[in-house]
2 protein chains.
Amino acid sequence: MLGLMQQRPLLISSLLDYAATWHCRREIVSRGADGAIHRSTYAEIATRSRRVANMLETLGIAPGGRVATLAWNGHRHLELYYGVTGAGRVLHTVNPRLFHDQLVYIMDHAEDAAVFFDPVFAPLVEHLAPHLPKVRAWIALCGADAMPEAAVSPLLCYETLLADAAPDFAWPELDENAASTLCYTSGTTGNPKGVLYSHRSTVLHAFAACATDGFAFSARDSILVVVPLFHANAWSIPFSAAMCGAKMVLPGPKLDPESIYTLLRDEGCTKAGGIPTIWLMFLAWAEANRGRIDLAALKLRHVFAGGTAPPRAMIEKFRDMMGVFLLHAWGMTETSPIVTIGAPLARHADAAPDQIVDMQVKQGRQVFGAEVKLVDPLGAALPHDGKTVGELKVRGNWVVSGYFKGEGGNVLDADGWFSTGDAATIDPDGYVQLTDRLKDIVKSGGEWISSIEIENLAVSHPDVFEAAVIAAEHPKWQERPLLIVQLKPGAEPDKQSILDFLAGRIAKWWLPDDVVFVDSLPHTATGKLLKTELRKRYAGYLLGKAAGA
Amino acid sequence: MLGLMQQRPLLISSLLDYAATWHCRREIVSRGADGAIHRSTYAEIATRSRRVANMLETLGIAPGGRVATLAWNGHRHLELYYGVTGAGRVLHTVNPRLFHDQLVYIMDHAEDAAVFFDPVFAPLVEHLAPHLPKVRAWIALCGADAMPEAAVSPLLCYETLLADAAPDFAWPELDENAASTLCYTSGTTGNPKGVLYSHRSTVLHAFAACATDGFAFSARDSILVVVPLFHANAWSIPFSAAMCGAKMVLPGPKLDPESIYTLLRDEGCTKAGGIPTIWLMFLAWAEANRGRIDLAALKLRHVFAGGTAPPRAMIEKFRDMMGVFLLHAWGMTETSPIVTIGAPLARHADAAPDQIVDMQVKQGRQVFGAEVKLVDPLGAALPHDGKTVGELKVRGNWVVSGYFKGEGGNVLDADGWFSTGDAATIDPDGYVQLTDRLKDIVKSGGEWISSIEIENLAVSHPDVFEAAVIAAEHPKWQERPLLIVQLKPGAEPDKQSILDFLAGRIAKWWLPDDVVFVDSLPHTATGKLLKTELRKRYAGYLLGKAAGA
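All figures in this text were calculated on a predicted structure; none of them were measured in a lab.

Scoring rules and cut-offs
Residues numbered from 1 in each chain as written. Chains lettered and ligands numbered in written order. Predicted model: local features only at pLDDT ≥ 70, side-chain atom pairs only at ≥ 80, totals over all residues. Heavy atoms only, no water. Buried < 20%, exposed > 50% of the residue type's maximum accessible area, 1.4 Å probe, protein only. Helix = DSSP H or I, 4+ residues; strand = E, 2+ residues; numbered from the N terminus. Pairing = 2+ DSSP bridges. Right-handed = clockwise from strand over helix to strand, strands pointing away. Contact = heavy atoms within 4.5 Å. Domains from an automatic or database assignment. Least-squares fit on C-alpha atoms with pLDDT ≥ 70 in both. Axes fitted to C-alpha atoms, helices over the stretch in contact; angles between N-to-C directions. Parallel < 35°, antiparallel > 145°, perpendicular 65-115°, else oblique. Left-handed = near helix turned anticlockwise from the far one by under 90°. Nonpolar A, V, L, I, M, F, W, Y, C, P; charged D, E, K, R; others polar. Core = buried A, V, L, I, M, F, W, Y, C linked by side-chain atoms within 4.5 Å. Buried area = accessible area lost by both parts, 1.4 Å probe. Salt bridge = Lys/Arg side-chain N within 4 Å of Asp/Glu carboxyl O. Polar contact = N/O pair within 3.5 Å; in protein donor to acceptor, adjacent residues only side chain to side chain.

A.B. asks: Can you help me understand the pairing of strand E14 (residues 325–331) of chain B in this one?
C.D. replies: A regular strand places its side chains so that they alternate between the two faces of the sheet. All names here are of chain B. Counting buried residues along E14, 5 of its 7 residues qualify, which places the element largely inside the surrounding structure. Here strand E13 (residues 302–305) runs beside E14; their pairing, made up of 4 bridges, is parallel. Along E14, the bridge assignment pairs alanine 305 with histidine 328. In this view, the connection linking E13 to its parallel neighbour E14 by way of helix H11 (residues 312–322) has right-handed handedness.

Listed below in structure tokens is the structure:
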């Protein structure tokens, strides 16, 4: 027997309708590449999003067609978030910092029919255009007076097209499972793969972000969106902020500490989200400039960080210097991204400050709506004891069922779980801690050694600039850790001094079998260590040594 | 083009699974009729709910079958909330305070196959049983030692059945639109009508309750559930508390102020929800007992109230005496019930205390997921100016599409909106204020006069015990207000003194055309004024007067 409640599709357009009706005067502030502040409101964003929808009709972009953006965080990018998806087209947010080859691959694979780009990316689109014959229009996100030179055809002006487009557009009642946005993973192996979000997944995910134990967004918040709009839906902020009528502050390309501070101060930001790198720079600058800035006057109370784990010192500095609680969240492009968030439990009310930080360094606990589980290689559930390392699997309405165009084949197990590729522990309170990428774990005689833990220790050696630990083949133990180190300029330690440094700090059997010094370590376009490359180079290193010994 | 995200059904069982996995030791505290405190956890509730599911199989209740409860707020009632719905049966929560005739009508109409009842309701079920031949089992919610006498057959013991039922049960992957719970409206006209909620509507509604601008539930909350579990899903608390792992405190039948205070104190309650009547009594008692109780030691910070509008003095007393913010919410059985909640906006941070109370007395602003609109009699949208009175209409995933078995016919307009029957204003900030029931409004020469406003003023006259204003037919103005008054014992004012009292306080043309004194006013079983009855009695009263004059 079915219930007798209304069945209305969960649509992104309803988020904008909500904000434009009930929070019509709430501001959307964005800063352009030139530093100029632009003030808009949900009502204006809604009207301009409707014009975007009409613009897409005029440009001949069919429903379901992909519309790419190469843009920083600004109001026009936000208008595309809503205009494109509301009109039943698919917004493909592209990371402009990828290598050209990757951009060409991704945009060709997505079959992008139009590309909206910030004028600063004019040279980039000139490079891309010859390789992307399916693109029917290149639209610069600016007014007629700011149009860049670019040998692409046709080169169109966003503001001109917008002014020509009618302000009325009835958002279609789409299937809630219709595709809405598309984002490619920048995997370290193989080609990037597209994650195709739906309206339903996006709206449900926004509910999780608005939850008090999510990002706790409310109509009283002013949110600084440091995380790029091209990173996994900017952690849902463009959607979840609208869901509750929060003010959004979009900082454009300038993410230097002073620019961030100025926005926090002038726009009364209460929350801010971005990757730890940004916050490390910000905190260092804030500390150095304490004399001339007024940190106490900021309304900032929560910073949320993800992408990589924020170090303990960052969490403490936010607390001690600014009275800010760092909310550590975790997810992947494949998971929309929110899976776990480090919201406190009741017992933390009486916990010592250090214990709270112990919790904050972990990746957080599962929000309702995404499911995580910890399993051994045979798929059996492992205990939540904070020690047992297993593979983290994920399931839920905002988790991929497969990649765009079937790339990578079937990515779910028989019960519908997606393998994150992460090794992790879960403590008795439910907080997940990632210990390593599963493929980077060193499997030494059936026991697991975390490459990341050794790397983190190694970089605290005063002579070490960067470190990588890989699993090298071993005749007796199958795999043993090999430490590869780039030293700081001028440093000249010997291998033993590095090993001695580690010896007291990790289990004896975790000690790397050898240390290799290199001039530089290989990285991906997004700055991650390229361990696949290192494994190729050094796979047989220990075997060779053993044979030679 | 469809997205490629997982499509998992939104099911109530997943709420319990979440709480039992990630908040397994979080407490569910309930107090029995004898005052004894019972402590349980989400993990235990989950196991016992699975036993309930097996019990239903044993009792032969078919999937989709209705299972009634006549019970106060306790852990066993909560187990039924989850066990019955998780197993794909429909939980029919029945208000035991209804008249016998209504109970028989409702339970017969619902075709309840089993009735779970608190021992205290044994005499009630004895009365009901002969009229409900379809009930296959009467189960007393107690252990074997506490079994009541009751001439019903078969009379079964909950704890005995539970102990005999297996603790393992795999929750079925139901259609998310499957029926989950059933609740009848106690309308003032016609027979009660059943609202049949679905798993989807319930889960989406719980998301709204967990939102920071909803009830803002978190894992850190301990929630006192004063609102009965048989009132419109207890405002979603049994579901939304599980969604975030909040502790629940279920007070049983004793709702006297001292009992409430003891629970608030002993269980560290941070939030509490109930109707204003309960809070009025509580505040009066707390004020009178300030010397011997320690209000400052309570952790209570938010009380949410609905059902009727909390008076201004109550809001101020909660604030001044206890530092508690009263969150005024509004909804109907037909709307699950949350539609509007009085969460503050950013501008309230700098508002004077009185302005915040001005906001709190209103019914709140629309949460995302339910939609409200204000329309004139022709359906045209009316301005949100805080003055224009119109009809409030509602739409959304947790709003009825029709009543059980089609009673009342088509209840939605062409665009899918449900008529609340309420007259209201909406202010520029979006806060809704109900002004009257639409059918009780006096339509005087095309202008609307609020019966409730006049009644509220009339009862502030020192001699008036209760007052009702109805629309009486009038030869010139179609309708004019007639004031019907029950005086306090011993009071002997004349009509004119009552009218003089009102004269300075309302517009001249709002003044009732006459005052009628009565010994008592008619009420519904739930205590609402039965204006239909008064309209029957006094419809022609003014006509008669006009003819006789």
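A.B. asks: How should I be thinking about the side chain of Gln486(B) in this particular structure?
C.D. replies: Position of Gln486(B) among the secondary structure elements: in strand E24 (residues 478–487). Residue contacts for Gln486(B): discarding those within four places in its chain leaves Val464(B), Phe465(B), Glu466(B), Val518(B), Asp519(B), Ser520(B) and Leu521(B).

A.B. asks: I'm lost on the domain arrangement of chain A in this one. Help?
C.D. replies: Reports of interface size often rely on the accessible area that becomes lost once the parts have come together. For chain A, the assigned domains are domain 1 (12–254) and domain 2 (442–537). Between the C-alpha centres of domain 1 of chain A and domain 2 of chain A there is a distance of 41 Å.

A.B. asks: Help me understand the relation of the copies chain B and chain A in this model?
C.D. replies: Screw-axis analysis of chain B against chain A gives a translation of 0.0 Å along the axis, an RMSD of 0.1 Å, and a rotation angle of 180°. What the superposition gives is, in effect, a two-fold axis relating one chain to the other. If distances are taken from each C-alpha of chain B to the rotation axis, the shortest is found for Ala211(B), at 2.1 Å. Here 100% of the interface residues in chain B have copies in chain A that are interface residues too; the copies meet face to matching face.

A.B. asks: Before we go on, may I ask you to explain the environment of Gly544(A) in this structure?
C.D. replies: Residues and elements named next belong to chain A. Positionally, glycine 544 belongs in helix H16 (residues 541–548). Of the residues examined, glycine 544 reaches a relative accessible area of 44% and is grouped as partly exposed. When the C-alpha atoms of glycine 544 and histidine 474 are compared, they prove to be 9.5 Å apart, with 70 residues separating the residues in sequence.

A.B. asks: Would you mind going over the packing of H11(B) against helix H12 (residues 353–360) of chain B with me for this structure?
C.D. replies: Two numbers describe a pair of packed helices, the interaxial angle and the distance between the axes. Residue and element names in this part refer to chain B. At a minimum axis distance of 10 Å, the contact between H11 and H12 shows a crossing angle of 125°. Between H11 and H12, the interaxial angle falls into the category oblique. Judged by the sense of rotation from one axis to the other, the crossing of H11 with H12 is right-handed. Counting all contacts with H11, which are made through Arg312, Ile315, Glu316 and Arg319, the residues of H12 involved are Pro353, Asp354, Val357, Asp358 and Gln360. For the contact of H11 with H12, a count of residues per class yields 3 nonpolar, 1 polar and 5 charged.

A.B. asks: How should I be thinking about the sheet that holds strand E4 (residues 90–93) of chain A in this particular structure?
C.D. replies: For sheets, the rule is that strands pair by backbone hydrogen bonds, running either parallel or antiparallel. All names here are of chain A. An order of E7-E6-E5-E3-E4-E8-E9 is seen for the 7 strands of this open sheet, with the pairing classed as mixed. Looking at the sheet topology across the chains shown, the edges are occupied by strand E7 (155–157) and strand E9 (193–198). Sheet twist, expressed as the average angle between the axes of neighbouring strands with direction ignored, equals 25°. Relative to strand E5 (residues 112–117), strand E3 (residues 66–70) runs parallel, the two being bridged by 5 bridges. Looking across to E5, one finds that valine 67 is bridged to alanine 114. Most of the contacts of helix H4 (residues 100–109) go to E3, to which it runs at about 155°, and overall it touches E3, E4, E5 and strand E8 (179–185).

A.B. asks: When you look at the pairing of strand E1 (residues 27–31) of chain B in this model, what are you seeing that I'm missing?
C.D. replies: All names here are of chain B. Counting buried residues along E1, 4 of its 5 residues qualify, which places the element largely inside the surrounding structure. Taken together, the 3 bridges between E1 and strand E11 (residues 247–250) define a ladder with parallel strand orientation. If you follow valine 29 over to E11, its bridge partner there is valine 249.

A.B. asks: Hey, could you run me through the nonpolar core in this one?
C.D. replies: A general trend in soluble globular proteins is that nonpolar side chains are found buried together. Counting 186 residues, the largest nonpolar core has Phe116(A), Phe215(A), Phe116(B) and Phe215(B) as its most contacted members. Look past the residues within four positions of Phe116(B) in its chain and what remains in contact with it is Met55(B), Leu56(B), Val67(B), Ala68(B), Thr69(B), Leu70(B), Leu80(B), Ile139(B), Leu141(B) and Tyr158(B).

A.B. asks: What's the story with the interface of chain B and chain A in this structure? I'm lost.
C.D. replies: Contacts between chain B and chain A engage 78 residues on the former and 78 residues on the latter. Interface area lost by chain B to chain A is led by Met5(B), Trp22(B) and Phe368(B), which between them contribute 16%. Linking chain B with chain A are 8 salt bridges. A salt bridge links Arg200(B) to Glu176(A); its shortest N-O distance comes to 2.8 Å. For the pair chain B and chain A, the number of links is 40 residue pairs in polar contact (both at pLDDT 80 or more).

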